[in-house]
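# Coordinate analysis (summary)
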Protein chains: 2
Amino acid sequence: MTQARRLAVPPVAVPGQPLAAVGTPALLIDLDAFESNLRQMAGLAGAAGTALRPHAKAHKSVAIAQRQVGAGAAGVCCQKLTEAYPFAEAGIASIHVSNEFVGADKAAMAAELAAWTQLSICVDDARQVHEVGAAAAQAGVKIDVLPEVNAGQGRCGVDSTDALMALVEAIDANPALRFAGLQGYHGGVQHVRGWQQRREAAQRAAELTAAYVRHLEARGLRCAVVTGGGTGTAEFDIASGVYTEIQPGSYLFMDADYGANEWAGAFRPEHSLFIAATVMSATRPGHAVCDVGLKTVSVDSGLPRVWSRQAGDASLNYVAANDEHGVLEMAENTGRDPFGERIWLVPGHCDPTVNLYDAYVCVRGGVVEDVWAIEGRGLSR
Amino acid sequence: MTQARRLAVPPVAVPGQPLAAVGTPALLIDLDAFESNLRQMAGLAGAAGTALRPHAKAHKSVAIAQRQVGAGAAGVCCQKLTEAYPFAEAGIASIHVSNEFVGADKAAMAAELAAWTQLSICVDDARQVHEVGAAAAQAGVKIDVLPEVNAGQGRCGVDSTDALMALVEAIDANPALRFAGLQGYHGGVQHVRGWQQRREAAQRAAELTAAYVRHLEARGLRCAVVTGGGTGTAEFDIASGVYTEIQPGSYLFMDADYGANEWAGAFRPEHSLFIAATVMSATRPGHAVCDVGLKTVSVDSGLPRVWSRQAGDASLNYVAANDEHGVLEMAENTGRDPFGERIWLVPGHCDPTVNLYDAYVCVRGGVVEDVWAIEGRGLSR
């Protein structure tokens, strides 16, 4: 043997495998629910003539981006430059980086990406404009630039028309950059629970953005693109008439946090993202431990929920997450021994949970139909 | 050109690069502090004749495991079977999987690993013993088995001497398995803040474990290994005389949570793990946003701390983490504009933060000295 022996971690799943044979923890997509969510949002945006540019930060997967584009999406959003690389290489023809960035390494990445895809970026500081403009000019590429305006979240984005006009002038002064419109996004509004309250909050955010659009229009500056909106407000954003495109991401998956929103409109989301777990210790009555902890589910928006449609018994509750352990309690002590049981968990927050995995195990009818790579996992620069 | 063009994400850093040129977010190791922590713990265990088996779940890196073994460690702990693969392949000669597992896929992995390394595992249910025993017998390997006893945490582990004896009998009944001793670990005790209170809690946990050891000894069953302990209790665990080996992991890095413990003994840890961040938006006085959020730092044990020894100004506070944004507030509004500033963050909890990265950027004197792969990142089955 001249070839060295290799020890390789077995694949998480293979197509055709029964779901019951998939090792845990595994990140599952219920394809029926996923496809329903995909179709519904594409249908709502398409019927209104609003472009749909789904946020790839939620899924980080080329296979999913291609399905979104196949269903009519105008391209995708990414939140980081490195995150855009796998999508650009896979041929996603239009990518919007919906976030600010600073540094020569970042400017060089933007210029490299712009040679592969129709790239647009967000800015809120003229120094960023100059840095990217210089890199684009040197690379001989053209980059669309959208100033971000503060739509009420108070995170990034300019806060005044003066600051906005200064950015537009900086963009116009650089021949490698092109002013393409505005971004206005309010993350907090997405999670307002009540439908009517969320509608009102979305209207306020849209109006803040619209005021900037009108200011520019009054000076002869047309916004070809006004981008924003998210899963929680998509229907309101479409109806507002303010946005030319919307950026929902979580709509595909519907995590437990979004599931706690009231959904009273046309979009009827279903949970499609789950974590398959196994009870691997159950030494005390009423108490058990599963194999999903902080390294396989993000708890920033709350603990995962045990999915009772899949669990044998709805009385299991996930009560604490340690690094590699999920502590379960049984609401009623029925004497049942859950050792070895498999359960499905709905993650509290899909985006940072997806970022923990290398692949989705896509299931339908109890069988693995496909395994999709999560190429953007960990690409956070 | 017959070769397809490729678009590849630039490497996070290269040796010899000035730290100031490393793109952010980046996971940094301050090598001077790291080596101090490494040496101190090895010295304490070595002087007492207690074996040191550091927990690789904290660092997930072969380069670090090799340095631990080089400093005298008896091998490493892993918390998951897949996590053990890169260490076994790299030649770490002794690996203890300090956690229970269930399933045919897991049993097969244990048998495969046992052909590569001296493998020991934890059990707390006879069904696990039977499953692993059958796989080991079929593969023709021998696996050391350590029943886990509940040392007061109430998570995994048997709760009675009867349950323990049943496990020992199940192990003895399988010729592919070998009873090797006990594990008793109490995670909660590690984080008791006061030194004296932590000492007392560690003594209670050690005594619970010791009672099981004595029960076995009275029946002629010798525990070749009694394993447990962690970073917070290492000195007490060594002094207890109960453990033949200790399993600290976080001692290398000293995250913000462990940093909040009182350290009044011989071990004087230093923060060695940091996240380099850049302020990429600062549009309002007293407010800024950096590029480190939930996908690049775990917040389960609290938000990251801005490291004032590195930051230009100690008045920056990290007050909220969104997916890709870290919201900063300035305690005093000095009129300073932090746009483009680079800051260092101390993560709240090292283990799940490390699990978000593919590599450590190792720095000394402001220069990148090395880049270490995190091969175990995401290996959670």
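Residues numbered from 1 in each chain as written. Chains lettered and ligands numbered in written order. Predicted model: local features only at pLDDT ≥ 70, side-chain atom pairs only at ≥ 80, totals over all residues. Heavy atoms only, no water.

Within an unreviewed UniProt entry, the label attached to chain A reads D-threonine aldolase, and the organism entered is Cupriavidus pinatubonensis. In the Sequence similarities (unreviewed entry) part of its UniProt record, chain A is described as follows: "Belongs to the DSD1 family." (UniProt positions renumbered as here; feature names shortened; annotations may be inferred.)

### Focus on the relation of the copies chain B and chain A
Of the two same-sequence chains, chain B is brought onto chain A (RMSD 0.0 Å, axial shift 0.0 Å) by a rotation of 180°. Given the turn and translation reported, the copies of this chain are related as if by a two-fold rotation axis. Looking at the interface residues of chain B, 100% of them are also at the interface in chain A, so both copies use one shared face. (Least-squares fit on C-alpha atoms with pLDDT ≥ 70 in both. Contact = heavy atoms within 4.5 Å.)

### A short note on the pattern of salt bridges
Taken as a whole and assessed by the stated rule, the structure comprises 40 salt bridges over all chains. For the salt bridge of Arg364 of chain A with Glu369 of chain A, the shortest nitrogen-to-oxygen distance reads 2.9 Å. Of the charged contacts, one joins Glu341 of chain B and Arg336 of chain B as a salt bridge, the two residues approaching to 2.3 Å between their closest N and O atoms. Take Arg336 of chain B: its relative accessible area is 23%, and that puts it in the partly exposed class. Each member of the salt-bridge network shares a partner with another, and the members are Lys57 and Asp351 of chain A together with Lys295, Asp323 and Glu324 of chain B. (Salt bridge = Lys/Arg side-chain N within 4 Å of Asp/Glu carboxyl O. Buried < 20%, exposed > 50% of the residue type's maximum accessible area, 1.4 Å probe, protein only.)

### Structural notes on the domain arrangement of chain A
For interface size, the figure often reported is the accessible area lost on association. All names here are of chain A. Looking at chain A, the domain boundaries give domain 1 (19–28 + 269–373) and domain 2 (31–250). Centre-to-centre, using C-alpha coordinates, domain 1 lies 34 Å away from domain 2. Counting residues at the interface gives 16 residues for domain 1 and 17 residues for domain 2. Of the roughly 1,400 Å² buried between domain 1 and domain 2 on both sides combined, carbon and sulfur atoms contribute 50%. Its largest share of buried area at the contact with domain 2, domain 1 owes to Asp351, Arg364 and Trp372, together 42% of the area lost on that side. Inspection of the region where domain 1 meets domain 2 yields 3 salt bridges. There are 8 residue pairs in polar contact (both at pLDDT 80 or more) connecting domain 1 and domain 2. Contributing elements (two or more residues each) for the side of domain 1 that touches domain 2: helix H10 (350–354), strand E17 (359–364) and strand E18 (367–373). For the side of domain 1 that touches domain 2, the class distribution of residues is 8 nonpolar, 3 polar and 5 charged. (Domains from an automatic or database assignment. Buried area = accessible area lost by both parts, 1.4 Å probe. Polar contact = N/O pair within 3.5 Å; in protein donor to acceptor, adjacent residues only side chain to side chain. Helix = DSSP H or I, 4+ residues; strand = E, 2+ residues; numbered from the N terminus. Nonpolar A, V, L, I, M, F, W, Y, C, P; charged D, E, K, R; others polar.)

### Focus on the interface of chain B and chain A
If you look at the interface, chain B gives 76 residues, while chain A gives 76 residues. On the chain B side of the contact with chain A, Leu7, Arg155 and Arg381 of chain B bury the most area, a combined 13% of that side's loss. Our enumeration of links across chain B and chain A arrives at 12 salt bridges. Put simply, chain B and chain A have 42 residue pairs in polar contact (both at pLDDT 80 or more) between them. Where the side of chain B that touches chain A is concerned, the elements lending two or more residues are helix H3 (81–89), helix H4 (104–114), helix H5 (126–139), strand E11 (273–284), strand E12 (287–290) and helix H10 (350–354) of chain B. With 6 residues, the single largest contributor to the side of chain B that touches chain A is E11 of chain B. Classifying every residue of the side of chain B that touches chain A by side-chain character gives 27 nonpolar, 22 polar and 27 charged.

### Description of empty space enclosed by the protein
Summed over all chains, the structure comprises 7 cavities of 30 Å³ or more. Considered as a void within the structure, the largest cavity measures approximately 150 Å³ in volume. Leu294 and Ser298 of chain A together with Leu294, Ser298 and Val299 of chain B are the residues nearest the centre of the largest cavity, which is lined by 16 residues in total. Residues belonging to the lining of the largest cavity are distributed by class as follows: 10 nonpolar, 3 polar and 3 charged. Size it by volume and the second largest cavity reaches roughly 100 Å³. (1 Å grid on protein atoms, 1.4 Å probe; cavity = no way out; pocket = protein on both sides within 12 Å on 5 of 7 lines; lining within 4 Å. Points joined across faces, edges and corners; volume = space filled by probe spheres on them.)

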